[in-house]
Amino acid sequence: NLLTVNNIMDCAGNVIDPLANSAKLFMAEKIKQADILISEVLFNPRNGSVDFIEIYNHTNHVLDLKELSLANVSSSGDLSSVKSLSNISQFILPKSYWVLTTNPEDIKQQYKVENPNQFVKMSSLPSYNNDKGSVALATDRFTVDRFDYNDSMHLALLKNVKGVSLERVSFTKPTNELGNFKSAAQSIGFATPTYRNSQEEDINTLKNNVSLANKVFSPDGDGYEELLQIDYRFVDNGNVANVNIYTDKGILVRKLQRNTSVATAGNFIWDGLNDAGQKSKVGIYIIKFDAFALNGKTESFKQTCVLATKLN
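Residues numbered from 1 in each chain as written. Predicted model: local features only at pLDDT ≥ 70, side-chain atom pairs only at ≥ 80, totals over all residues. Heavy atoms only, no water.

**Describing the overall build of the protein**
Note the following rule: Here a strand is any run of E in DSSP of at least two residues, a helix any run of H or I of at least four, and the numbering for each starts at the N terminus. For every residue, the accessible area (1.4 Å probe, protein chains only) is compared with the maximum for its type, and the residue is labelled buried under 20%, exposed over 50%, or partly exposed between those bounds. Contacts were defined at the residue level, with two residues in contact if any of their heavy atoms lie within 4.5 Å.
If you tally the helices and strands in the protein, you get one helix and 20 strands. For the protein, the spread of C-alpha atoms along the three principal axes comes to 70 × 60 × 40 Å. In the protein, buried positions account for 45% of the 312 residues. For the protein, the proportion of contacts with a sequence separation of at least 24, taken over those separated by at least 6, is 61%.

Have a look at this one:
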């Protein structure tokens with residue numbers, strides 16, 4: 001027998017494309033403690049902007065955000081200002097990040113957002129003070145996760161922490177373990193709503209490394225290899241970088257990055273211009289990447305590239 005069904009809709013009311021060969025069907029499981037973890041918190045937004053809380057599905061199954069509430073924690077340890085996430089089912093897929101906020105469009109304008117559909121728009125959030133406080137996720141039966149934040153957790157080198165989120169480093173360590181939340185990297189815009197945290201640990205990274213995606217580039221406007229991509233990857237987070245470009249004679253032509261807090265992995269781009277905004281000459285250039293951490297550890301990397309042009 002053949003069963004034909006038309007106008008199938010998901011729980012959000014979206015009609016499944018009848019031309020599609022298949023559709024994913026799933027059953028959400030009940031949320032247990034530590035199934036969904038607090039991943040990132042912006043509690044001190046830029047003037048005129050809003051707070052956000054990012055959460056992460058740490059499980060391998062689908063969960064329903066309708067079960068959850070967001071709250072403060074009172075001085076006695078009880079939940080207060082409890083706000084339901086949603087009065088309709090909203091499913092969070094395994095290993096995905098969702099953002100809770102009152103104004104998703106504001107967050108999308110302020111930061112790079114990889115997954116614009118992974119927002120929950122709430123009518124209001126609990127009040128999160130700019131100096132310290134607690135963020136709690138809970139069902140009607142128990143607290144799922146809790147993060148006690150303090151503005152002293154931010155990178156000490158930052159002069160202004162407005163608009164800088166605190167990101168979770170590890171999902172396997174206890175939420176409130178010392179050092180498990182750190183300032184989002186300047187190199188990625190000080191927050192990573194809806195995607196992997198800039199300071200997240202990668203257990204597969206065995207040593208610090210800086211490399212070039214392309215050793216030769218030609219910023220001549222033909223659309224081919226116009227930019228030099230400088231890739232970096234660090235074992236530990238919380239690094240600050242200086243990146244300088246020199247000629248093969250040792251003459252400094254471009255201060256590409258100055259005291260920039262960086263992600264555990266990312267890249268910088270050189271467009272071939274010098275500090276005066278002029279095109280650099282054809283030739284060999286040295287990229288010097290100096291990284292240092294607050295514990296005093298420093299490391300330097302050098303890579304060589306060629307700025308080329310067409311011969312005809």
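**Regarding the sheet that holds strand β1 (residues 36–42)**
Condition: Whether two strands pair depends on DSSP finding at least two bridges between them. A fitted line through C-alpha atoms represents every axis, and for helices the fit uses only the stretch in contact; the resulting angles, taken between N-to-C directions, go from 0 to 180 degrees.
Spatial strand order, β8-β7-β2-β1-β11-β12: six strands in an open sheet with mixed pairing. The open sheet terminates on both sides in strands that have one partner only, identified here as β8 (119–121) and β12 (181–183). Adjacent strand axes in the sheet meet at a mean angle of 30 degrees when their direction is disregarded. As judged from the two bridges shared by β1 and strand β11 (residues 166–168), these two strands associate in the antiparallel manner. Its bridge partner lying in β11, E40 is registered against E167.

**Quick word on a nonpolar patch on the surface**
In plain terms, the rule: Patches here are clusters of residues that have more than 30% relative accessible area and form no salt bridge, with a 9 Å joining cutoff for like charges and a 5 Å cutoff for nonpolar side chains (Val, Leu, Ile, Met, Phe, Trp, Tyr). Note on areas: Shrake-Rupley, 1.4 Å probe, and residue coverage restricted to the protein chains presented here. Take a side-chain nitrogen of Lys or Arg and a carboxyl oxygen of Asp or Glu: if they are within 4 Å of each other, that pair is a salt bridge.
A cluster of nonpolar side chains, namely V216, I284 and V306, defines an oily patch on the protein surface of about 200 Å² accessible area. Take V306: it is sitting in strand β20 (residues 298–307).

**A few points about the sheet that holds strand β13 (residues 209–212)**
The strand order across the open sheet built from three strands is β13-β15-β18, with neighbouring strands paired in antiparallel fashion. Two strands bound the open sheet, and with one partner strand each, they are β13 and β18 (265–270). Across the sheet, the mean angle from the axis of one strand to that of its neighbour is 20 degrees, orientation sign disregarded. Relative to β18, strand β15 (residues 228–233) runs antiparallel, the two being bridged by six bridges. By the bridge assignment, D231 is partnered in β18 with N267.

**What to know about the nonpolar core**
In plain terms, the rule: The set of buried Ala, Val, Leu, Ile, Met, Phe, Trp, Tyr and Cys residues whose side-chain atoms join them within 4.5 Å is what this entry labels a nonpolar core.
One finds I36, I53, I55, L65, L70, L100 and L137 to be the most contacted residues of the largest nonpolar core, which totals 26 residues. Secondary-structure elements contributing two or more residues to this core are β1, β2 (52–57), β7 (97–101), β9 (132–138) and β10 (143–150). Residues in contact with L65, not counting those within four places in the same chain, are I36, I55, L85, Q90, I92, W98 and V120. I230, A263, F289 and L307 belong to the second largest nonpolar core, which has 24 residues in total.

**Focus on the packing of aromatic side chains**
Keep this limit in mind: We call Phe, Tyr and Trp rings a pair once their centres come within 6.5 Å, taking the six-membered ring for Trp, and we label the pair stacked below 30 degrees between planes, edge-to-face above 60, and tilted otherwise.
Counted by the stated rule, this structure contains 15 aromatic pairs. One aromatic cluster is present, built from ring pairs that chain together Y232, F234, F268, F289 and F301.

**Some words on the pairing of β13**
Covered by surrounding structure in β13 are V210 and L212 only, the residues N209 and S211 on the alternate face being uncovered. Pairing geometry for β13 and β15, over four bridges, is antiparallel. Of the residues in β15, the one forming a bridge with V210 is Y232.

**Quick word on the environment of L65**
With respect to the element layout, L65 can be found in the loop between β3 (63–64) and β4 (69–73). Along the sequence, L65 and K121 sit 56 residues apart, while their C-alpha atoms lie 12 Å from each other.

**Side note on the environment of R258**
For clarity, the threshold we go by: Contacts described as polar in this section are N or O atom pairs within 3.5 Å, which, within protein, must combine one atom able to donate a hydrogen with one able to accept it, while residues neighboring in sequence count only if both atoms come from side chains.
With respect to the helices and strands, R258 occurs in strand β17 (residues 252–261). Exposure remark for R258: the relative accessible area of 46% places this residue in the partly exposed category. For the pair R258 and Q118, spaced 140 residues apart in the sequence, the C-alpha separation amounts to 33 Å. Other than its neighbours up to four places away in sequence, R258 contacts A241, N242 and N244. Looking at R258, its side chain comes within polar contact range of the side chain of N244, at 3.2 Å.

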